[in-house]
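# Notes for the structure review
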Amino acid sequence: MAGEEKTEKATPKKRKDAREKEGNVLQSKEINTAVSVLGIFLALMLFAQFMFTQLQNAVRYFLTDVGAEKTVNNEFFTQITINAVKYCVLIVGPVLLAAILLGTLPTIVQTKGLFTMKPLRPKFSKLNPLTGIKRLFSIQSAVNVLKGIIEIIVVCIIVYTRIMGIMPLIKKLPQMEPIQAVAFIASNTMSIVLTISMIFAFIAAGDYIFQWWQYEKKLRMSKQEIKDEYKQIEGDPLIKSKIKQKQREIAQNRMMQDVPGSDVVVRNPTHYAVALKYDTGATFSAPKVVAKGQDAIALKIIEIAEENGVPVTEDRPLARALHDAVKVGGEIPHSLYTAVASIFAELEDIKKKIDKKIEIMSR
């Protein structure tokens, strides 16, 4: 039913399809932002001394070595270009590498390594103005706006409080040595960034919980959808019933084809019929049930046996016991050896008597 309320949790198949077919996974962009900002500034702290040293080397090179009297030719310009690229990589490389790694790592962790282009495929439903308006005034949009406002307020408060706290020292910056001034600015900037990053981490945790709730809500299923999915997995009961019926018919036809080759049919007298075959050439083998059935099938087995000259004997307890205890193609159990052996012995005696009469008559 189209309007049925979705109150049930998503099934494993629904989650798998959402992930693999639609590229729909749980992730929070705020986590990416918090990790990236914190990681980049931590990288700055770790590599600050190295980067500053390389910056000094670059300044020294371009102000002294390049300014020295040298022959200006292609080799000279090539060397300058190589050194410029080298210093750029050494100065910016550590932070750039950290930005790339920390920009992709949270996404890989949250998506568990899923890579798909399906979310980037154009959807014409997004061009619908009504859908756009609905999305604009959705809970997700409201939460995004609220997050943005909170983040701006938090950043402004932290920056303002920190700057006002060190304002007397900021006024003395012109009196400091350049190195001291840079160190002072870098230290306080890092302190502000770390504080902001910790606040962002709490916001990211809250956003992840909200995204999880939204994700689970989006994946919810109605009871009818669960039933339909079960039918798809297990098969429609009507179709399964028809398949089983067809399988029974095929097995029955194959079974009927084995009746003419059987040695004896045990009946009861019309309700049960079991066709037995004994391979005397096989070692340590017992008679096998090649066909069995009840009512109409039993009558059909008897009919085919009589048409093909297969002996039919009536033994009500034995017919019922064989029908219940042995599957088609299976050997009879030890408990029925004596009863079945007596039937085969009786048939052998009858056969011998018939052979003897035929022999007398032929003289």
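What counts, and at which threshold
- Residues numbered from 1 in each chain as written.
- Predicted model: local features only at pLDDT ≥ 70, side-chain atom pairs only at ≥ 80, totals over all residues.
- Heavy atoms only, no water.
- Core = buried A, V, L, I, M, F, W, Y, C linked by side-chain atoms within 4.5 Å.
- Buried < 20%, exposed > 50% of the residue type's maximum accessible area, 1.4 Å probe, protein only.
- Contact = heavy atoms within 4.5 Å.
- 1 Å grid on protein atoms, 1.4 Å probe; cavity = no way out; pocket = protein on both sides within 12 Å on 5 of 7 lines; lining within 4 Å.
- Points joined across faces, edges and corners; volume = space filled by probe spheres on them.
- Helix = DSSP H or I, 4+ residues; strand = E, 2+ residues; numbered from the N terminus.
- Nonpolar A, V, L, I, M, F, W, Y, C, P; charged D, E, K, R; others polar.
- Salt bridge = Lys/Arg side-chain N within 4 Å of Asp/Glu carboxyl O.
- pLDDT = per-residue confidence, 0-100.
- Pairing = 2+ DSSP bridges.
- Axes fitted to C-alpha atoms, helices over the stretch in contact; angles between N-to-C directions.

### Quick notes on the nonpolar core
Judged by nonpolar contacts, the single largest core of 16 residues is most densely connected at Val-266, Leu-276, Val-289, Leu-318, Leu-322, Ile-332 and Val-340. If we ignore the near neighbours within four places in the chain, the residues touching Val-266 are Tyr-272, Ala-273, Val-274, Leu-276, Thr-313, Asp-315, Leu-318, Ala-319, Leu-322 and Ile-343. Grouped together as the second largest cluster of nonpolar side chains are 14 residues, Met-255, Met-256, Val-259 and Ala-273 included.

### Digging into the layout of surface pockets
When its volume is computed, the second largest pocket comes out at roughly 440 Å³. Along the walls of the second largest pocket sit 14 residues, with Leu-44, Ala-48, Phe-52, Val-182 and Ala-186 positioned nearest its centre. Among the secondary structure elements, those contributing two or more residues to the lining of the second largest pocket are helix H2 (29-65) and helix H7 (178-219). Residues that form the lining of the second largest pocket fall into these classes: eleven nonpolar, three polar and no charged.

### Points about the pattern of salt bridges
Counted by the stated rule, this structure contains three salt bridges. Arg-15 is paired through a salt bridge with Glu-216; the nearest N and O atoms lie 2.8 Å apart. Of the two residues, Arg-15 is situated in helix H1 (residues 12-20) and Glu-216 in helix H7; the sequence distance between them amounts to 201 residues. Judged by its relative accessible area of 29%, Arg-15 is partly exposed. A salt bridge links Asp-324 to Arg-320, with the nearest nitrogen and oxygen atoms 2.9 Å apart. Taken together, the residues span about one helical turn, with Asp-324 and Arg-320 both in helix H11 (residues 316-325) at a distance of four residues. The exposure class assigned to Asp-324 is exposed, which follows from its relative accessible area of 51%.

### Digging into the confidence of the model for the protein
A residue-level look at the protein finds 84% of positions with pLDDT of 70 or above and a mean pLDDT of 79. When mean pLDDT is taken per element in the protein, strand S2 (residues 272-277) scores highest with 90 and helix H4 (residues 129-136) scores lowest with 61.

### Digging into unusual backbone geometry
Here Asp-295, not a glycine, exhibits a phi torsion of approximately 50°, which is positive. For Asp-295, the position within the fold is in helix H10 (residues 295-307). In this structure Asp-295 comes out as partly exposed when scored by relative accessible area, which is 43%.

### Things to note about the pairing of S2
Of all six residues making up S2, five are buried, and the element is well covered by its neighbours. One ladder, built from five bridges, connects strand S1 (residues 264-268) with S2; its direction is antiparallel. Each bridged residue has a counterpart across the sheet, and for Val-264 the counterpart in S2 is Leu-276. Alignment of S2 against strand S3 (residues 288-294), held across six bridges, turns out to be antiparallel. Its bridge partner being in S3, Lys-277 is matched across the sheet by Lys-288.

### Remarks on the environment of Thr-189
On the secondary structure map, Thr-189 appears in helix H7. In this structure Thr-189 comes out as partly exposed when scored by relative accessible area, which is 36%. Through-space distance from the C-alpha of Thr-189 to that of Ile-163 is 9.7 Å; in sequence the pair is 26 residues apart.

### Quick look at the sheet that holds S3
Across the sheet, which stays open at both edges, the four strands sit in the order S3-S2-S1-S4 with mixed pairing between neighbours. The two strands at the open ends of the sheet, each matched to only one other strand, are S3 and strand S4 (312-314). Averaged over all adjacent pairs, the angle separating strand axes in this sheet is 20°, with direction ignored. Sheet topology note: the S1/S4 ladder contains three bridges and is parallel. Across the sheet, the residue bridging to Val-266 is Thr-313, located in S4. H10 rests against S1, S2, S3 and S4 of the sheet, and its axis sits at about 130° to S3. The sheet contacts of H11 involve S1, S2, S3 and S4, and relative to S1 the element is tilted by about 105°.

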